[in-house]
Amino acid sequence: MGIQKVMVIGAGQMGSGIAQVCAMSGYDVLLHDLKEEYVEKGLGTITKNLSRQVEKGKLPAEDKEATLSRLAASTDLNQAKDVDLVIEAAIENMEIKTKLFAQLDEIAPKHVILATNTSSLPITEIAAATKRPEKVIGMHFMNPVPVMKLVEIIRGLATADDVYEEIEEMAKSLSKVPVEVNDFPGFVANRILMPMINEAVYTLYEGVATKEAIDDVMKLGMNHPMGPLTLADFIGLDTCLYIMETLHDGLGDDKYRPCPLLRKYVKAGWLGKKSGRGFYEYS
Ligand code: CAA
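Remember, it's a predicted structure, so these values are computed and weren't measured experimentally.

1. Points about the pattern of salt bridges
So, step 1. Evaluation of the coordinates by the stated rule reveals 12 salt bridges.
So, step 2. In this structure, a network of salt bridges that share partners links the residues Glu88, Glu92 and Lys97.

Written out as structure tokens, the structure is:
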């Protein structure tokens, strides 16, 4: 019968983006979060994104309405009993994720694949919290989800080949480009991206150049769409620090030590764009 109905857990920046692309591609989507207000905020972001596309003439108004009609709100995890795929995009915390996957394993029918959008936590460990580790897989979307083409598809140690293939097809049906990756800390995207961002923070910390100069070098010299410090603010400095710590702990190599300046900013609550201040200020 294949995948028709998808439950997305977590209505934040990533979860709402994933829900949007799934609904735009014809899937029925349940967007789930702990509180109704969180889900409403996520649905509001999706509506705003779609309206912008309509205003620009890039999306017919009826497609916007059709997409919105395929989206429903959920605050009851038991609704996982009626879906074909769960994509979890909750907070990056192993304890929360393993608890969630153990619950989902109890609720969702046996055929349901449980995917996680974790950006760096081990898929194998999340899978071990369930009795269906062969049906647990990583599906790592990039931010902003509606724009970025890549989905890293991460095989846990026990992930079955047919599950990998089904998720690869599903990612293609979202007009994304799936890339196969094995389960190691940070996978590929963050194994490479985060040390670059961390090095940019060290470059600032050591006074090699100003933040604007560092960003200009990478934008104008390497054709990156955003400089690394702007990108760090966009991703969230707490997320960057968390991923660096995951690389440091998981790979045991000091080359992944987070820059003290990154720690200091996070301690100050300067988390980037979402908190109004990071390396730059946002109104
Ligand atoms: N949601 C939806 N659409 C968005 C958006 C958002 N948050 N931000 C921008 N867009 C859309 C715009 O509507 C516009 O669409 P159209 O082309 O259809 O008109 C398009 O993206 C381009 O936007 P802008 O012209 O406003 O701005 P831009 O050209 O500067 O592009 C950007 C913005 C796409 C974010 C670009 O700066 C970029 O690619 N930055 C790098 C992003 C990146 O590296 N992401 C990966 C982060 S790492 C990660 O996600 C992994 C992790 O685990 C941490």
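2. Things to note about the sheet that holds strand β1 (residues 5-9)
So, step 1. Read from one edge of the open sheet, 8 strands run β3-β2-β1-β4-β5-β6-β7-β8, paired in mixed fashion. Each end of this open sheet is capped by a strand with a single partner; those strands are β3 (71-74) and β8 (177-182). Ignoring strand direction, the axes of neighbouring strands in this sheet form an average angle of 25 degrees.
So, step 2. Where strand β4 (residues 85-88) and strand β5 (residues 113-116) come together, 4 bridges link them in parallel fashion. Along β5, the bridge assignment pairs Val86 with Leu114.

3. Focus on the packing of aromatic side chains
So, step 1. Counted according to the given criterion, the structure contains 3 aromatic pairs.
So, step 2. Between the NZ or CZ atom of Lys211 and the centre of the ring of Tyr280, over which it lies, the distance is 5.6 Å.
So, step 3. Sitting over the face of the ring of Trp270, Arg277 holds its NZ or CZ atom 3.8 Å from the ring centroid.

4. Digging into the side chain of Asn143
So, step 1. If you trace the backbone, Asn143 turns up in the loop between β6 (136-141) and β7 (150-155).
So, step 2. A distance of 3.4 Å separates a polar atom in the side chain of Asn143 from a polar atom in the side chain of Gln13.
So, step 3. When neighbours within four sequence positions are excluded, Asn143 is seen to be in contact with Gln13, Met14, Met148 and Phe234.

5. Side note on the environment of Ile153
So, step 1. Tracing the sequence through the fold places Ile153 in strand β7.
So, step 2. In this structure, the C-alpha to C-alpha distance between Ile153 and Pro178, residues 25 residues apart in sequence, is 6.2 Å.
So, step 3. Ignoring anything within four residues of it in the chain, the contact list for Ile153 reads Ile137, Gly138, Met139, Tyr164, Ile167, Glu168, Ala171, Pro178, Val179, Glu180 and Val181.

6. Regarding helix α8 (residues 211-222)
Given 3.6 residues per turn, any residue in an α-helix points the same way as the ones three and four places further on.
So, step 1. Here α8 contains 12 residues, and its C-alpha end-to-end distance of 16 Å stays within 8% of the 16 Å for a straight helix at 1.5 Å per residue.
So, step 2. Among the residues of α8, Ile214, Asp215 and Met218 are the ones counted as buried. Along the axis of α8, the buried positions cluster into a sector of 95 degrees, meaning they face one direction only. α8 presents Val217, Leu220 and Gly221 as exposed residues on the side facing more than 90 degrees away from its buried surface.
So, step 3. Against α7 (189-205) and α9 (228-235) lie the buried residues of α8.
So, step 4. Trailing α8 by a residue or two, Asn223 shows a phi angle of about 60 degrees, which is positive.

Basis of the calculations
- Residues numbered from 1 in each chain as written.
- Predicted model: local features only at pLDDT ≥ 70, side-chain atom pairs only at ≥ 80, totals over all residues.
- Heavy atoms only, no water.
- Salt bridge = Lys/Arg side-chain N within 4 Å of Asp/Glu carboxyl O.
- Pairing = 2+ DSSP bridges.
- Helix = DSSP H or I, 4+ residues; strand = E, 2+ residues; numbered from the N terminus.
- Axes fitted to C-alpha atoms, helices over the stretch in contact; angles between N-to-C directions.
- Phe/Tyr/Trp six-rings, centres within 6.5 Å; stacked < 30°, edge-to-face > 60°.
- Lys NZ or Arg CZ within 6 Å of the ring centre and 35° of its normal.
- Polar contact = N/O pair within 3.5 Å; in protein donor to acceptor, adjacent residues only side chain to side chain.
- Contact = heavy atoms within 4.5 Å.
- Expected span 1.5 Å × (residues − 1).
- Buried < 20%, exposed > 50% of the residue type's maximum accessible area, 1.4 Å probe, protein only.
- Arc of directions from axis to C-beta.

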